[in-house]
Amino acid sequence: MLSVDVLDVAYGQIRALKGVALAVGRGEIVALLGNNGAGKTTTLKTISGLLRPTSGTITLEGQPLAGVPPHEIVMRGLAHVPEGRRIFNRLTVRENLVMGAYTRRDAGIAADLDRVFALFPRLGERVAQVAGTLSGGEQQMLAIARALMLGPRLLLLDEPSMGLAPVLVEQIFDTIVDINRQGTTILLVEQNAAMALSIAHRGYVLETGSIALAGTAAELSDNADVRRAYLGE
Amino acid sequence: MDYPLLVGIFPQVLLDGIILGFMYALIALGYTMVYGVLEFINFAHSEIFIVGAFVGVEILLSLKGAGLLETLPWPLVLVLILVAGMAGSAALAVSVERIAYRPLRAAPRLIPLISAIGVSFFLQDLIRLVESVWRNAFNLVYPTMDVLNERFELTSTLDVSVKSLVVIVAALLMLWALHAIVNRTKVGTAIRAVAEDQAAASLMGINVNRIISLTFLIGGAMGGAAGVLFGVQYGLINPYSGFIPGLKAFTAAVLGGIGNIPGAMVGGIVLGLLEAFAASYLSLLTGGAFGAEYKDIFAFSVLILILIFRPKGLLGEVVRERA
Ligand SMILES: Nc1ncnc2c1ncn2[C@@H]1O[C@H](COP(=O)(O)OP(=O)(O)O)[C@@H](O)[C@H]1O
Ligand SMILES: [Mg+2]
């Protein structure tokens, strides 16, 4: 579904990604792990077109994404929940969701609204509330719900657990599994490697801008280096 | 002190202040909407505003030349010049953004500001050139329509002309329409989304450049409407007439809280009222020591005081969240 090859990205003189290659198959949950500063966010931003690579290829369902601006990439079935949520604080919950469906003209919008309210009942109770006044967990739910309103086939999630209490993290991860079961492919960036590997099918480990390890979730969970560096053993 | 006089002129001064305030509010919207989206002061907006007045006067003069000004129904003429002035200013605002600001989007903040100041001077002299070649004139007088100058005596001390009513009704309609667009339509929601977070908006499939153009278009249209109303109300324009009202409208936008749309409306009205009251009451209250010409000093002193105590403006947010 998504394939990234020998991707190089730089911020000015600083090379953030060096030859990153990864692939996500239809229906999978793929985890992209790594320490702070490894380049996970940079990878997602480049896939969704927010950053331009210096070289390398990205293809989505066989179509190259090079040079395509983000607002056109999302219309090809890719949604990106950015790091730090980036919901529209001054808009209401409903307006945030309407922005998710901004480009859509189809009849399925109402059904998708029902679907996100089924996934996140707390948002349904707060449709008229200004989003900036939601709790951190609710804001993360809104960020994911807003992305689902795009009707994506591939969902990129950047650290959905960031800053949330453990019980909320569990809840969000359960929902991610539900979303995947309902047919959306997921590329999940996490520092919380244990949680990510518990729901992922496969995973990659990014170290200072390059893929250091790749494997199934079980292989990575058993790997001695991963256990030491990312699972706190 | 002549208290009956002070009380007697109050309603008239209030009315004048409101009219002036609506004018400032309409112009201020252009500054504040662009600032809200780009955090950039469109210094050329004063010329975008006055171009609306020139479009209006050109149409009126042509109609007059063709003998149509007296024969066409006056509401039709008014709608025509308003729509044409709005279209002219909107087209100009969109072109200015496209040509002079967009290529500088990634440059340090001072650069587009300097570009805007350059555009402002360029447009002033372009208007002057065109008008001197075309009409051999510097000042242009809005042709009068007799109906517009009719006055209704509401009380012995308050009368209101038809044109003042026209200005008030038109301004209210514009402000209402803008409010409805920004708050009740999907594209208006997108303008607010882009103002808050361009990258996140682009991830929603929103074409950010198109929304920025739309912002200039709407702000320009409001400025153009203000230009036409300015011409109708005050009657005389020249290529530099936009500058001072533009500066005051910008001040009104800051007063209300720059970037905040209701703030621009409130700031405009407050500044208009301050100015009108200062113009009428300063000399009466000081026994002539300070004449009406001190109105700007008074208005701006109040402004400075307000901003000292509320630096974000009357309706500005106290804390600005930015991801
Ligand atoms: N806007 C930026 N300008 C310069 N360097 C950046 C910027 N964003 C990230 N970097 C650098 O790029 C590297 C990768 O960052 P990032 O992709 O955010 O990592 P991660 O998401 O894995 O924590 C880091 O060294 C970071 O300092
Ligand atoms: Mg990151």
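Residues numbered from 1 in each chain as written. Chains lettered and ligands numbered in written order. Predicted model: local features only at pLDDT ≥ 70, side-chain atom pairs only at ≥ 80, totals over all residues. Heavy atoms only, no water.

Before going further, it helps to examine the overall build of chain A. Check the secondary structure of chain A and you find 10 helices and 10 strands. Sequence separation of at least 24 residues holds for 68% of the intrachain contacts in chain A that already meet a minimum separation of 6. When the accessible area of chain A is evaluated, it comes to approximately 9,600 Å², of which 51% is carbon and sulfur surface. Across chain A, 22 positive and 23 negative side-chain charges occur, with their mean positions spaced 6 Å apart. (Helix = DSSP H or I, 4+ residues; strand = E, 2+ residues; numbered from the N terminus. Contact = heavy atoms within 4.5 Å. Areas by Shrake-Rupley, 256 points an atom, 1.4 Å probe, with all protein chains shown as cover. Lys, Arg positive; Asp, Glu negative; His and termini not counted. Charge placed at Lys NZ, Arg CZ, Asp CG, Glu CD.)

Here the focus is the coordination of the magnesium ion (ligand 2). Residues and elements named next belong to chain A. For the magnesium ion (ligand 2), the full set of protein donor atoms is Thr41 (OG1) and Glu83 (OE), at a range of 2.0 to 2.1 Å. In this pair, threonine 41 is assigned in helix α1 (residues 40–47) and glutamate 83 in the loop between β6 (78–81) and α3 (93–100), connecting sequence segments 42 residues apart. Overall, threonine 41 belongs to the buried group, its relative accessible area being 19%. Taking relative accessible area as the criterion, glutamate 83 reaches 32% and is therefore assigned partly exposed. (Donors = N, O, S within 2.8 Å, 3.2 Å for Na, K, Ca; no water. Buried < 20%, exposed > 50% of the residue type's maximum accessible area, 1.4 Å probe, protein only.)

The next thing to look at is the site of ligand 1. Residues and elements named next belong to chain A. With respect to spatial proximity, the complete set of residues near ligand 1 consists of Tyr11, Ala16, Asn35, Asn36, Gly37, Ala38, Gly39, Lys40, Thr41 and Thr42. One of the side-chain nitrogen or oxygen atoms of tyrosine 11 is found 3.4 Å away from a nitrogen atom of ligand 1. The backbone of lysine 40 places a nitrogen or oxygen atom 2.8 Å from an oxygen atom of ligand 1. Contact with the protein chains covers 61% of the free accessible surface of ligand 1, which is 560 Å². The element that contributes the greatest number of residues to the shell around ligand 1 is α1, accounting for 3 residues. Taken together, the residues of the shell around ligand 1 break down into 3 nonpolar, 6 polar and 1 charged. (Near = heavy atom within 4 Å. Polar contact = N/O pair within 3.5 Å; in protein donor to acceptor, adjacent residues only side chain to side chain. Nonpolar A, V, L, I, M, F, W, Y, C, P; charged D, E, K, R; others polar.)

Turning to helix α5 (residues 110–134) of chain B, a few remarks are in order. All names here are of chain B. For α5, with 25 residues, the first-to-last C-alpha span of 36 Å sits near the 36 Å given by 1.5 Å per residue. Of all the residues in α5, the buried ones are Pro112, Ser115, Ala116, Val119, Ser120, Leu123, Gln124, Ile127 and Glu131. On the buried face of α5, the contacting elements are α3 (45–65), α4 (74–101), β1 (140–141) and α11 (243–256). (Expected span 1.5 Å × (residues − 1).)

Let us now look at the packing of helix α12 (residues 261–285) of chain B against helix α13 (residues 295–309) of chain B. Residues and elements named next belong to chain B. In contact at an axis separation of 8 Å, α12 and α13 are set at 135 degrees when each is read in the N-to-C sense. Viewed along their axes, α12 and α13 adopt a mutual orientation that is oblique. The chirality of how α12 crosses α13 is right-handed. On α13, the residues touching Leu271, Leu274, Glu275, Ala278, Ala279 and Leu282 of α12 are Lys295, Asp296, Phe298, Ala299 and Val302. (Axes fitted to C-alpha atoms, helices over the stretch in contact; angles between N-to-C directions. Parallel < 35°, antiparallel > 145°, perpendicular 65-115°, else oblique. Left-handed = near helix turned anticlockwise from the far one by under 90°.)

Once that is clear, we can look at the pairing of strand β1 (residues 2–11) of chain A. All names here are of chain A. As paired elements, β1 and strand β2 (residues 14–24) share 7 bridges and run antiparallel to each other. When the bridges of β2 are listed, alanine 10 appears paired with arginine 15. Between the antiparallel neighbours β1 and β2 lie 2 residues, among them glycine 12 with a positive phi of about 60 degrees. Pairing between β1 and strand β4 (residues 55–60): 5 bridges, direction antiparallel. Paired with leucine 2 across the two strands is leucine 60, which belongs to β4. (Pairing = 2+ DSSP bridges.)

Enumeration over the complete set of coordinates arrives at 22 salt bridges over all chains. Between A:Arg122 and A:Glu138 there is a salt bridge, with its nearest N and O atoms 3.2 Å apart. Taken together, the residues A:Arg122 in helix α5 (residues 121–124) and A:Glu138 in helix α6 (residues 136–148) connect sequence positions 16 residues apart. Put simply, B:Glu39 and B:Arg109 hold a salt bridge, and the shortest N to O gap is 2.8 Å. (Salt bridge = Lys/Arg side-chain N within 4 Å of Asp/Glu carboxyl O.)

Turning to the confidence of the model for chain B, a few remarks are in order. Summing up the model confidence of chain B, the mean pLDDT is 90 and the portion of residues at 70 or higher is 98%. Per-residue pLDDT stays below 50 along residues 318–323 of chain B; that stretch engages in 12 contacts with residues further than four places along the chain or on separate chains. (pLDDT = per-residue confidence, 0-100.)

Residues and elements named next belong to chain A. Pairing in this open sheet of 4 strands is antiparallel, and the strands run β2-β1-β4-β5 from one edge to the other. In the strand order of this sheet, the two ends are held by β2 and β5 (63–64), each with one partner. By the bridge criterion, 2 bridges tie β4 to β5 in an arrangement that is antiparallel. Each bridged residue has a counterpart across the sheet, and for leucine 60 the counterpart in β5 is glutamine 63.

Residue and element names in this part refer to chain A. When the domains of chain A are assigned, the result is domain 1 (2–77 + 153–230) and domain 2 (88–151). On the side of domain 2, 14 residues touch domain 1, which itself brings 16 residues to the contact. Taken together, the connections running from domain 1 to domain 2 amount to 0 salt bridges. In this assembly, domain 1 and domain 2 are joined by 1 residue pair in polar contact (both at pLDDT 80 or more). Among the secondary structure elements, those contributing two or more residues to the side of domain 1 that touches domain 2 are β7 (154–158) and α7 (166–181). Looking at which element gives the most residues to the side of domain 1 that touches domain 2, the answer is α7, with 6 residues. A class-by-class count of the residues in the side of domain 1 that touches domain 2 yields 9 nonpolar, 4 polar and 3 charged. (Domains from an automatic or database assignment.)

All names here are of chain A. Along the polypeptide, glutamate 190 turns up in strand β8 (residues 185–190). According to the relative accessible area criterion, glutamate 190 is buried, its value standing at 0%. Separated by 149 residues in sequence, glutamate 190 and threonine 41 have C-alpha atoms that sit 9.7 Å apart. Setting aside chain neighbours within four positions, we find glutamate 190 in contact with Leu32, Leu33, Gly34, Lys40, Glu159, Pro160, Ser161, Phe173 and Ala196.

Residue and element names in this part refer to chain A. Strand order in the open sheet made by the 6 strands is β6-β7-β8-β3-β9-β10, with mixed pairing throughout. Either end of the sheet is taken by a strand with one partner, and the two such strands are β6 and β10 (210–216). Strand after strand, the sheet turns through a mean of 15 degrees between neighbouring axes, direction not considered. Here 4 bridges tie β6 to β7, and the two strands are oriented parallel to one another. If you follow alanine 79 over to β7, its bridge partner there is leucine 155. Contacts between α7 and the sheet are confined to β3 (29–33), β7 and β8, with β8 contributing the most and set at about 155 degrees to the helix.

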